[in-house]
Amino acid sequence: MTSTPEPPAAAAFARIKIRTGALVFCGDYVALIRRDRSGSTHYTPPGGNVEPGEDLDVALAHELAEELDLNIDQPEGGDLMWVVDQRVTRPGPTPPPRKLHLIYRLHITPEVRATLAEVELDELPDGSHETGVIEWVDYRRTAELPIFPPVGAALAALPHPRRRRPRSRHRRQLHLGLISLPDAGPAAAASPVRPSPHAMRQCHRLDSHNAAGRQ
């Protein structure tokens, strides 16, 4: 009797998941979702995973509507700030994915801010919901916060919400315009860089790859 060999176990970070997120500014304040869990608190920019075959702009618009009650036609801007290449280890039998966070920047008026949601309900696998509180934080204070992905230091270093940080001295190592965090946890620090045209082209290729998957 011939035995069938077991398939090789999937390697850690073999899968790539793409997440779109937005830094939504109202003046000097940026919207972050605070999640309080047992023994820990962390913040995330509004956003979520891109579904298979979903366009990046559609994914971002969907997440902003779902989490902030923000119509994508209301803000101005939409430039890509950073791409965060992250590998996060975690317990359990499922191999952890490599995650690419695409972080965009938007600006809204105080009038629009007054209409937005104050809490966000995230559905859990068991059907229950986790409540996230939407906080407006002075962007210059974000280096002090546990933000996932860890862009707090880069965000706080911006000279102005509408300007980019000057060219990083780490540019040589981060030549793709990425914040690369190999095997980093949510509290790891990130080195700020300006997204390069090469990184922008990579994002367009990711979007084209998604579109090709629908054909």
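Residues numbered from 1 in each chain as written. Predicted model: local features only at pLDDT ≥ 70, side-chain atom pairs only at ≥ 80, totals over all residues. Heavy atoms only, no water.

### Some thoughts on unusual backbone geometry
Quick note on the threshold: Here a strand is any run of E in DSSP of at least two residues, a helix any run of H or I of at least four, and the numbering for each starts at the N terminus.
Put simply, F148 and P149 share a cis peptide bond, and its omega is -5 degrees. Residue placement: P149 occurs in the loop between β8 (129-138) and α3 (152-156). The residue D69 is not glycine, and still its phi comes out positive at about 60 degrees. Mapped onto the elements of the fold, D69 is located in the loop between α1 (56-68) and β5 (76-87).

### Description of α1
This is how it is decided: Multiplying 1.5 Å by the helix residue count minus one yields the expected span of that helix. The cut-offs for exposure are 20% and 50% of the maximum accessible area for each residue type, with area from a 1.4 Å probe on protein chains only; residues under the lower value are buried, those over the upper are exposed, and the others partly exposed.
For α1, with 13 residues, the first-to-last C-alpha span of 18 Å sits near the 18 Å given by 1.5 Å per residue. All of the buried residues in α1 are L56, A59, L60, A61, E63, L64, E67 and L68.

### With respect to the pattern of salt bridges
Defined as follows: The term salt bridge refers to a pairing of a side-chain nitrogen on Lys or Arg with a carboxyl oxygen on Asp or Glu at a separation within 4 Å.
Overall, the coordinates contain eleven salt bridges when judged by the stated rule. For E135, the salt bridge goes to R34, with nearest N and O atoms at 2.3 Å. Here the residue E135 occupies a position in strand β8, and R34 occupies one in strand β2 (residues 29-37), the gap between them amounting to 101 residues. Taking the relative accessible area as the measure of exposure, E135 reaches 22% and is therefore partly exposed. Between E120 and R35 there is a salt bridge, and its shortest N-O distance comes to 3.0 Å. Remark: R35 occurs in strand β2 and E120 occurs in strand β7 (residues 119-123); sequence separation between them is 85 residues. Exposure class is identical for E120 and R35. Each is buried. A cluster of three or more residues bridged by salt bridges with shared partners is formed by R35, R37, E120 and E130.

### Some words on the confidence of the model for the protein
Quick reminder of the rule: For every residue, the predictor states its confidence as a pLDDT score lying anywhere from 0 to 100. By definition, residues are in contact when any of their heavy atoms lie within 4.5 Å.
Confidence in the prediction for the protein averages 78 pLDDT; 70% of positions are at 70 or higher. Predicted confidence in the protein is weakest over helix α4 (residues 197-213), with a mean pLDDT of 44, and strongest over helix α2 (residues 110-113), with 98. Note that residues 168-215 has pLDDT below 50 and, in this model, 84 contacts with residues that lie over four places away or in other chains.

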